[in-house]
Amino acid sequence: MSSRAPKLVATALVVSCLITVPFMGASADSGANSAPVATNLLTGETLALASSVGAWKAQAGTLALAGRGNLAATTTIQGGTLALSGLTTTGSAGQVYRGAFSVRAARTSRPVTPLLLFYDNAGAVLDRVKGEVGADSSSAWRPITPVVAIAPPRTAFVALGFLTTGDAVNEVHYLTQPSVTSATPARTDVVGPLRTVGNKVVDANGPLVLRGIHRVALEGFMGNSTGRNLTAEDLSQAKRWGANTVRLSLSSSFWLSSNCHYDPRYAAAVDQAVRGVTSQRMVALLDLHTNTPTACGKVEPQVMADRSALTFWRDVASRYASNPLVAFDLYNEPHDISDKVWLDGGVVATRTGPFNAVGMQDLYDAVRGTGATNLVVVSGNNWANTLPANRVSGTGIVYGVHAYTCPTAVDSSCAPNPYDPASILSSWVAPAKDVPVAVTEFGWPSTASGRYIENVIAFAHAQSWGWIAFAWDGTTSGTFSLLSTAGPGASYQPTPAGMPVLDSLAAS
C-alpha cells in the first residue's frame, strides 16, 4: 500500500424441519434464491417464528410475532432495540460463524446492525462482534450484510443479534429469515518447495492458491523498525483464520549496514517473523516495501528500487534460500516510471532528486544468482496496476497486481464505480492464461464496509488467482484494518472490512 408502515407483507418461512438456508439473507418477498446453502444452526421456533418467538429475547424493547415467520421488535426507550436469539445454539472454539437476516421497518427507516455473541458454559459473554451497519425500509424487505466472526476459546454457545439505533419510542422494526451457519477453516499446511507450472503455483501436494493477509510492521512506518505487536501468537491467528500466506513488508534501509538507518536488531526481527509464519506451514512472502536512494534519505516507498536493493536481495535470498516456504516480492508498487525502466532500470526523477533505479530483471537475477530457487513475485507497473508487455525472463515467477479503486479515502477522487475492481483487474485476465497472477495487495479505506473487498475476492476466485488482503497491522486503529481486536489475549475478530476475508478463508 502506498501513502495513496405501509402494511407489513407477512411471508411464510419453512418451519422447523428446514435444515438449510441461503448464505445471504434473502428478501422475504423474493422467490427462489440461487445462493449457496449451508446448514442453519437455528432451530425450532427460534428459526420458524411460526407460533412463538422461540428463544429470542429483547435486551431493549419488546418482541412479538407479526405474521408467520416475522419477528417484530418495538422500542420502549428512545434510542433503539436489541434482540438476541438466545442460548440454544451450541458453538465451538475456532469455528467461523456467519449470521444473517432480512429486515423491514413499519414506518421509519433506521440503522440496523447484525451481531454475533459468543458465550461460555455458564452463559457469560466471551465476545460480541458487530457486523456492517445497514438500514431497513418501510417499502420492502432488505437482506443485511452477514456478520462473520471466529469463536474464541471456551465458546459453548453462539447467538445472533439484531440492533436498531436512533429509534423513537414505540417504533417497530421487523426481522425475518434469521440464520446462523458455521464453517471450519481448512488450515491446510503448505508443503515446499514452491514452483510454477504454466499459470499455476504448486507445492509438494499439487496446485496451490496463495490466500492470506498483508502483515504491516517491518517496513518502518511510524518509525518502528522491529514491528508493532509482531509476535508468534499474532501470526498464528492468521493461520487460525485459514490463511496460507502472510506478506511481510520489509525495508532495505534497516537491513543494510551501509545505510544510516541500519538497525542491528532488524535481521533478527525479520528472522523471528519468518519463523512465526513458516512454522505454521504458511508462506512468508517478503516484500521490499520501503528504501532510501541516498544513504540517509527518508525511509518510505519510492518510485522504484534503488541499486542498494541488489545487495539487499542477495543478502535476503542467501539467508532464506534453504526455507522453501519463503517467497520474495521484489519491489512494492513501482510507479511513475516507464515500462523499460520497470524491466531494465535507469535514471528516474523524484521530488527529492534523480537516482539510478534498478529494474525487475536485475532484482530477479540478484535472487537467482545466490542459488535460491524460492518463488519470486514481480509486481506490475503503475502502482502494480498494469502488467508490462515485456516481462522478466526466468522461472518460478508470479506476477502481482494491486487493486485499490480508493487508495486513500472514499471521496470524489475514487473511480466512477469504486466498488468494482474490474477497472484494474480485467486487463490481467488475458495474460493470466499464460503466467501465474495473484492480487498481492488490496483493501478499502474504511473499516466499516466489506463490499469492495468481497468483490475483489470474488473476482480473484473466478480467475483462480491468489489474493492477499491489506492490512493486518497489529492494531485496530488503521484506516484499512481487517481486525477489530488484536494483541495479547485478543480473539482477533474482524472489522466489517475484514469479514469477507475471514469468511472466504474459512470457505477455501
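Residues numbered from 1 in each chain as written. Predicted model: local features only at pLDDT ≥ 70, side-chain atom pairs only at ≥ 80, totals over all residues. Heavy atoms only, no water.

Undergrad: Honestly, the overall build of the protein chain in this entry has me stumped. Any pointers?
TA: Secondary structure summary: the protein chain contains eleven helices and 27 strands in total. Taking 23 Å as the expected radius of gyration for a compact globule of 508 residues, we find that the protein chain reaches 25 Å, a close match to that expectation. Over its C-alpha atoms, taken along the principal directions, the protein chain stretches across nearly 75 × 45 × 40 Å. When each of the 508 residues of the protein chain is scored for burial, the buried share is 58%. In the structure as shown, the protein chain presents an accessible area of about 19,000 Å², 52% of it carried by carbon and sulfur atoms. (Helix = DSSP H or I, 4+ residues; strand = E, 2+ residues; numbered from the N terminus. Rg over C-alpha atoms; globule rule 2.2 N^0.38 Å. Buried < 20%, exposed > 50% of the residue type's maximum accessible area, 1.4 Å probe, protein only. Areas by Shrake-Rupley, 256 points an atom, 1.4 Å probe, with all protein chains shown as cover.)

Undergrad: Which parts of the structure should I look at to understand the state of the cysteines?
TA: A disulfide bridge is the covalent bond that connects two cysteines by way of their sulfur atoms. In the structure shown here, the tally under the stated rule is two disulfides. Across the disulfide, cysteine 260 is cross-linked to cysteine 296 (sulfur-sulfur distance 2.3 Å). A residue pair is termed long-range when its members are at least 10 positions apart, and cysteine 260 in the loop between helix H3 (252–255) and helix H4 (266–278) and cysteine 296 in the loop between strand S20 (283–290) and helix H5 (308–320) qualify at 36 residues. Residue class for cysteine 260 comes out partly exposed when judged on its relative accessible area of 45%. In the protein chain, the bonded cysteines, numbered by position in the sequence, are linked as 1-2, 3-4. (Disulfide = S-S within 2.5 Å.)

Undergrad: Where do I start with the environment of valine 148 in this structure?
TA: With respect to the element layout, valine 148 can be found in strand S12 (residues 147–150). Measuring from C-alpha to C-alpha, the distance between valine 148 and tryptophan 465 comes to 23 Å, with 317 residues separating the pair along the chain. Setting aside chain neighbours within four positions, we find valine 148 in contact with Val96, Tyr97, Arg98, Leu116, Val129, Pro494, Met499, Leu502 and Asp503. (Contact = heavy atoms within 4.5 Å.)

Undergrad: Whenever I open this one, the side chain of threonine 495 confuses me. Can you help?
TA: Secondary-structure assignment places threonine 495 in the loop between strand S27 (466–472) and helix H11 (499–507). Not counting chain neighbours up to four residues away, the residues in contact with threonine 495 comprise Thr447, Ser481, Leu482, Leu483 and Ser484.

Undergrad: How do you make sense of the nonpolar core when you look at a structure like this?
TA: If you look at soluble globular proteins, the nonpolar side chains tend to sit buried side by side. By size, the foremost hydrophobic cluster in this structure holds 120 residues, and its most contacted members are Trp313, Phe328, Leu363, Val439 and Val501. Beyond its immediate sequence surroundings of up to four residues, leucine 363 is in contact with Met304, Ala305, Ala309, Leu310, Trp313, Leu330, Tyr331 and Val358. (Core = buried A, V, L, I, M, F, W, Y, C linked by side-chain atoms within 4.5 Å.)

Undergrad: Would you explain unusual backbone geometry in this entry?
TA: Excluding glycine, a negative phi dihedral is what most residues carry, and trans is how most peptide bonds are arranged. Here glycine 192 and proline 193 are connected by a cis peptide whose omega angle stands at 0°. That bond from phenylalanine 470 to alanine 471 is cis: its omega, 10°, falls within 30 degrees of zero. When you line up the elements, alanine 471 lands in strand S27. With a phi close to 55°, asparagine 229 is a non-glycine residue in the positive phi region. One can find asparagine 229 in the loop between strand S18 (211–215) and helix H2 (232–241). According to the relative accessible area criterion, asparagine 229 is partly exposed, its value standing at 23%.

Undergrad: In this structure, what is going on with H2? I would like to understand it.
TA: Because an α-helix completes one turn every 3.6 residues, residues spaced three or four positions apart along the sequence face the same direction. Across the ten residues of H2, eight count as buried, placing the element largely inside the fold. Residues of H2 that are buried: Asp234, Leu235, Ser236, Gln237, Ala238, Lys239, Arg240 and Trp241. Contacts made by the buried residues of H2 are with S12, S18, strand S19 (245–251), H4, S27 and H11. Just beyond H2, the residue with positive phi is glycine 242, at close to 110°.

Undergrad: So what exactly am I meant to see when it comes to the sheet that holds S18 here?
TA: Paired through backbone hydrogen bonds, the strands of a sheet run either parallel or antiparallel to each other. If you trace the eight strands once around the closed barrel, you get S18-S19-S20-S21-S24-S25-S26-S27, paired in parallel fashion. With strand direction ignored, the average angle separating the axes of adjacent strands in the sheet is 30°. Note: strand S25 (residues 397–403) against strand S26 (residues 437–442), five bridges, orientation parallel. Looking at S26, one finds that alanine 403 is bridged to phenylalanine 442. Contacting S19, S20 and strand S21 (326–329), H4 crosses the sheet at an angle of about 175° to S19. Most of the contacts of H11 go to S27, to which it runs at about 140°, and overall it touches S18 and S27. (Pairing = 2+ DSSP bridges. Axes fitted to C-alpha atoms, helices over the stretch in contact; angles between N-to-C directions.)

Undergrad: Help me understand the packing of aromatic side chains in this model?
TA: Geometrically, a pair of aromatic rings is defined through the distance of the ring centres and the angle of the planes. Inspection of every chain in the model, using the stated rule, returns 16 aromatic pairs. Judged by centre distance (5.0 Å) and plane angle (75°), the rings of phenylalanine 312 and tryptophan 313 are edge-to-face. We classify phenylalanine 312 as buried; its relative accessible area is 0%. Pairing phenylalanine 442 with tryptophan 467 gives two aromatic rings, centres 6.2 Å apart and planes at 70°, and the pair type is edge-to-face. (Phe/Tyr/Trp six-rings, centres within 6.5 Å; stacked < 30°, edge-to-face > 60°.)

Undergrad: What is the right way to look at the environment of valine 456 in this model?
TA: Inspection of the secondary structure assignment puts valine 456 in helix H10 (residues 451–463). When the C-alpha atoms of valine 456 and glycine 487 are compared, they prove to be 28 Å apart, with 31 residues separating the residues in sequence. For valine 456, the contacting residues outside a window of four places in its chain are Pro421, Leu425, Val439 and Phe442.

Undergrad: Help me understand the side chain of aspartate 120 in this model?
TA: Mapped onto the elements of the fold, aspartate 120 is located in the loop between strand S8 (111–119) and strand S9 (125–130). The class for aspartate 120 is buried, based on a relative accessible area of 12%. At 2.9 Å, the side chain of aspartate 120 forms a polar contact with the backbone nitrogen of alanine 122. Discounting chain neighbours no more than four positions away, the residues touching aspartate 120 are Leu126, Arg154, Ala156 and Phe157. (Polar contact = N/O pair within 3.5 Å; in protein donor to acceptor, adjacent residues only side chain to side chain.)

Undergrad: Explanation requested: the sheet that holds strand S17 (residues 206–207) in the structure shown.
TA: Strand order across the open sheet formed by three strands is S15-S16-S17, with antiparallel pairing between neighbours. Single-partner strands in this sheet number two, and they are strand S15 (195–197) and S17. Here strand S16 (residues 200–203) runs beside S17; their pairing, made up of two bridges, is antiparallel. Considered in S17, the bridge of valine 202 is made with proline 207.

Undergrad: I keep staring at the pattern of salt bridges and nothing clicks. Help me out?
TA: For the structure on display, the rule yields 13 salt bridges. Across the pair aspartate 287 and arginine 247 runs a salt bridge, and its minimum N-O distance is 3.3 Å. Of the two residues, aspartate 287 sits in strand S20 while arginine 247 sits in strand S19, which places them 40 residues apart along the sequence. Beyond isolated ion pairs, a larger network of salt bridges with shared partners links Arg247, Asp287, Asp329 and Glu441. (Salt bridge = Lys/Arg side-chain N within 4 Å of Asp/Glu carboxyl O.)

Undergrad: Would you mind going over the pairing of strand S4 (residues 62–65) with me for this structure?
TA: Side chains on a regular strand alternate between the two faces of the sheet. Examined bridge by bridge, S4 and strand S5 (residues 70–74) share four bridges and lie antiparallel to one another. Opposite leucine 65, over in S5, you have leucine 71 as the bridge partner.

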